[in-house]
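Each chain is listed here by its residues.
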Amino acid sequence: MNPRIRSRRGPLVAAAILAALGLAPLTPVATSSATNPAKEYFAPRLITVDTPHRDAKEKLQTLGLDLTEHAGRDYVEVVLHTPADLAALESAGFTYDVRIPDLIRRGMAVAALNDAYAERTLVSPLPSGRDTYRTLEDYNADMVTLAEENPKLVEGFTLPLQSVEGRDIFGIEIGKGVTKADSGKPTFLLMGLHHAREWPSGELAMEFAFDLVNNFGKDKRITRLLKKARVMVVPVVNPDGFDLSRTDGEFVDLRAINDTGLDPLDGSTAILATPGQAYKRKNCRVIDGQSIPTGSCRATLASPGGFLLGVDLNRNYGGFWGGPGAAGQTPNPAEVETGPLDPTYRGPAPFSEPETQNIQQLVRERQVTMLISNHTFSNLILRPNGVSPTTIGPDGIPVGNAPDEKELKKLGAKMAAANGYANIHGWQLYDTTGTTEDWSYNATGGFGYTFEIGANEFHPPFPQVVDEYLGTGRYEGKGNREAYLAALEHTVDTRFHGVLKGKAPKGATLRLRKDFDSPTWESSFEDFLDSSIKVSKKGRFSWVVNPSTRPVVRSRTYQAVADEPFDSKTIEGGPTEPVIGSVDHEYVVTEKTDLLRIDLDWPTPDDFDLEVYLKKGEELVEVGSSGNLPGEKEQVELVDAAAGTYVLRVLNYASVSPSYTLQLDRFDAVTKRTKGSKESYTLTCEVGGKVRSSKKVFIDRGQVKKLDLRRACR
């Protein structure tokens, strides 16, 4: 495909789009300094919210705001779409800095930069030569072209389920002899655009596909890897949402329709406008369980930024579905969480959405030993699990680290050495459940990661996409290209997977199946894996497989708090001034403590709040807080509490009997290990469509198991 051919909006397209805008007001942006009504609009903005401690992050998650994946130890970046968002944030007492004051203006600036780059660039350094973001049609056309021009190396496929709006969803599979029956090679699955607004996530997946195809037979490393593995690329998991975000990201000049009477400023000034969904996050689900005709997603224009309606696909996967960091169906009156309108709405059930069911089926039917789900933004490599190891799980004990934490971290570091990203757990942003790799890793044992691509915004100027793929600065010549190649090398590294090898009747089908219950946060659902290969004409097979025991049932270590504190102190306080009067108490911790628990109690059903600060020189740094509803007592727990002087601030929020008790307890943590269990696959040998033999097979990481099925499978 000619990289210079791209879709552009003409006046007729612009007019057609604007004609549909009776569903909602435009989001105009003035290009003139003259007074005009556009200034009354609330500009969607990107802000950095101060979260000095984990409690603050947890509180921020309850406000129903559009949290990005750009977060650190003491901050989370948030998109504010409406004045109500701003009011919710400020009423909750959060402080923040505005980083991008007007995302619409920023989008226009990015569009101008992209046009300028495309005008001066004949062919970009990317493997495809593209010089601007793809549309949905571009992705589909590129995949068709790669398959048609490389029939022995690339095979296109259509995923089994259409999107909510009824679109087909496509992918390509790359590998030597790809059109032949699967003979036991492991699979690397690379995905993009679970979230509609994260355009670079699809671009980098598509560019890696071009890279592999262009260099097969030329680059020894790539050639060797494609002889040993299959690479499956699904660049657009969420086509409905992406198509809307991408087309709304192209701004239209209302001067072209002044004569139609549709210009909201009656032609009084030249303005640019967007229908407002360039920052849509979720899929296009409007009502749970009901599909909609193609194009209906545009009816969600009444949803500011398009982020309210829909299901967050990266909270809809089955792994620990329904837990922290994902909103449920029922709005919580004690919090601002708004049920299906929440940005992280997880859907009515695990895998309720066709888009996630598609990925579930791909993983079920393949031995996916490596998976990367691309997202934006934050320059991060995230590994499972999505919740903190100290979080109490559905079984009543702390979730702990993933059983393969050491190796997951090591591979993450290898990929981070190529792209310069931070190599961290998902929960180090904030707790999340129902994410892609939390299910895939815990159901299959295949390693899985999320890449948060780019440092600053969801879809930056296109030259930054080029830099993210190829590397820049100290990472020039590496970048995500090298990170993906490191992931592909892991895919074929049998030290981390099992190998079943041996003899069987030629042409027989060998099948590995396992039926099990995948745990959600409160229950479980019936799940299975079912993959197969064909035995070669020589009657031999070598099948790279994931371990038969799922990580979620393996033995794991966790830190449990001792039953009794090793040090305690009680402080009797009062009186305080009613209505937001406060009293400070100092407490010295002489050495680092595994857990410092502070309880605030009082004898009446009135309301106190508690804030905890750590002295750093003359500065007080907030490290914890508790502000429950009236009648509920307050508690702050500080994990790995540093040595130092703490200030405990008791606030009389609404108490007429202002006396209280502070109970301070210090606990040691005890390392414990769960019992764990082992699981086996059921291996069947089929000839002529009939099962001739069946046996249980246990296989561990790095294990090679030899089998002779010739006699049993006659």
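Each remark here, short or long, concerns the structure printed above.
The paragraphs below set out a description of the structure included in this document.

So, about the sheet that holds strand 32 (residues 704-708). Within the open sheet, the three strands sit side by side as 19-16-32. Their pairing is mixed. The two strands at the open ends of the sheet, each matched to only one other strand, are strand 19 (540-545) and strand 32. The sheet shows a mean angle of 15 degrees between the axes of neighbouring strands, taken without regard to direction.

Once that is clear, we can look at the side chain of S531. Within the secondary structure layout, S531 lies in strand 18 (residues 524-534). Of the polar contacts made by the side chain of S531, one reaches the side chain of Q367; its length is 3.0 Å. Those residues in contact with S531 that sit more than four places away from it in its chain are R364, E365, R366, Q367, L510, R511, L512 and W543.

Moving on to the sheet that holds strand 23 (residues 593-601). Strand order across the open sheet formed by four strands is 21-28-23-26, with antiparallel pairing between neighbours. Pairing within the sheet leaves two strands with one partner each, and these edge strands are strand 21 (567-573) and strand 26 (634-641). Shown here is a sheet whose adjacent strand axes are inclined to one another by a mean of 15 degrees, direction ignored. Alignment of strand 21 against strand 28 (residues 660-667), held across seven bridges, turns out to be antiparallel. Each bridged residue has a counterpart across the sheet, and for T570 the counterpart in strand 28 is Q663.

What follows is about helix 2 (residues 54-61). Of the residues making up helix 2, those classed as buried are A56, K57, L60 and Q61. The buried residues of helix 2 occupy one face: seen down the axis, they fall within an arc of 140 degrees. For helix 2, the elements touching its buried residues are strand 2 (45-50), strand 3 (66-72), strand 4 (75-80) and helix 3 (83-91).

Attention now moves to the state of the cysteines. According to the stated counting rule, one finds one disulfide in the structure shown. Here C685 connects covalently by a disulfide to C713, the sulfurs 1.7 Å from one another. In this structure the cystine formed by C685 and C713 twists about its S-S bond by roughly -85 degrees; its chirality is therefore left-handed. Taken together, the residues C685 in strand 30 (residues 681-687) and C713 in the segment after strand 32 connect sequence positions 28 residues apart.

Attention now moves to the nonpolar core. The biggest cluster of nonpolar side chains holds 58 residues, and the ones touching the most others in it are I174 and M415. Considering every element that reaches this core, the biggest residue donor is helix 6 (residues 199-215), with nine residues. When near neighbours in sequence (up to four residues on either side) are disregarded, I174 contacts L153, V154, A209, L212, V213, L226, A229, R230 and V231.

Right, let's get into the pairing of strand 4. Most of strand 4 sits inside the fold, with five of its six residues counted as buried. Pairing of strand 2 with strand 4 involves six bridges; the strand directions are antiparallel. The residue bridging L46 from the neighbouring strand is V79, located in strand 4. Where strand 3 lies against strand 4, four bridges are found, and the strand directions are antiparallel. By the bridge assignment, D66 is partnered in strand 4 with V79. Hairpin connection of strand 3 to strand 4: two residues between the antiparallel strands.

Glancing now at the pattern of salt bridges. Tallied over the full model, the rule gives 39 salt bridges. As a salt-bridge pair, R495 and D493 come within 2.6 Å of each other at their nearest N and O atoms. Exposure remark for R495: the relative accessible area of 61% places this residue in the exposed category. D530 is the partner of R511 in a salt bridge, and the nearest nitrogen-oxygen pair spans 2.9 Å. Placement of the pair is R511 in strand 17 (residues 509-519) and D530 in strand 18, with a sequence separation of 19 residues. Of the residues examined, R511 reaches a relative accessible area of 24% and is grouped as partly exposed.

Residues K152, K176, K180, K227, K506 and K537 make up a contiguous surface patch of positive charge. Along the chain, K506 turns up in the loop between strand 16 (498-503) and strand 17. On the accessibility criterion, K506 (63% relative accessible area) is exposed.

Moving on, we come to the side chain of H375. Of note, H375 is situated in strand 12 (residues 368-375). For H375, a relative accessible area of 1% puts it in the buried group. Residue contacts for H375: discarding those within four places in its chain leaves H194, H195, E198, S201, N314, T450, F451, E452 and I453.

To continue, consider helix 13 (residues 479-492). In an α-helix, one turn spans 3.6 residues, which is why side chains three or four residues apart end up on the same side. Between its first and last C-alpha, helix 13 extends 21 Å over 14 residues, near the 20 Å set by a 1.5 Å rise per residue. Along helix 13, the residues classified as buried are G479, N480, A483, Y484, L485, A486, A487, L488, H490, T491 and V492.

Summed over all chains, the structure comprises 17 aromatic pairs. Arranged with centres 5.7 Å apart and planes meeting at 70 degrees, the rings of Y139 and F242 form a pair that is edge-to-face. In this pair, Y139 is assigned in helix 5 (residues 136-149) and F242 in helix 8 (residues 239-248), connecting sequence segments 103 residues apart. An identical accessibility class is assigned to Y139 and F242; each is buried.

So, how was this worked out
Residues numbered from 1 in each chain as written. Predicted model: local features only at pLDDT ≥ 70, side-chain atom pairs only at ≥ 80, totals over all residues. Heavy atoms only, no water. Pairing = 2+ DSSP bridges. Helix = DSSP H or I, 4+ residues; strand = E, 2+ residues; numbered from the N terminus. Axes fitted to C-alpha atoms, helices over the stretch in contact; angles between N-to-C directions. Polar contact = N/O pair within 3.5 Å; in protein donor to acceptor, adjacent residues only side chain to side chain. Contact = heavy atoms within 4.5 Å. Buried < 20%, exposed > 50% of the residue type's maximum accessible area, 1.4 Å probe, protein only. Arc of directions from axis to C-beta. Disulfide = S-S within 2.5 Å. Core = buried A, V, L, I, M, F, W, Y, C linked by side-chain atoms within 4.5 Å. Salt bridge = Lys/Arg side-chain N within 4 Å of Asp/Glu carboxyl O. Patch = residues over 30% accessible without salt bridge, like charges linked within 9 Å, V, L, I, M, F, W, Y side chains within 5 Å. Areas by Shrake-Rupley, 256 points an atom, 1.4 Å probe, with all protein chains shown as cover. Lys, Arg positive; Asp, Glu negative; His and termini not counted. Charge placed at Lys NZ, Arg CZ, Asp CG, Glu CD. Expected span 1.5 Å × (residues − 1). Phe/Tyr/Trp six-rings, centres within 6.5 Å; stacked < 30°, edge-to-face > 60°.

That's the geometry; what it means functionally is another story.
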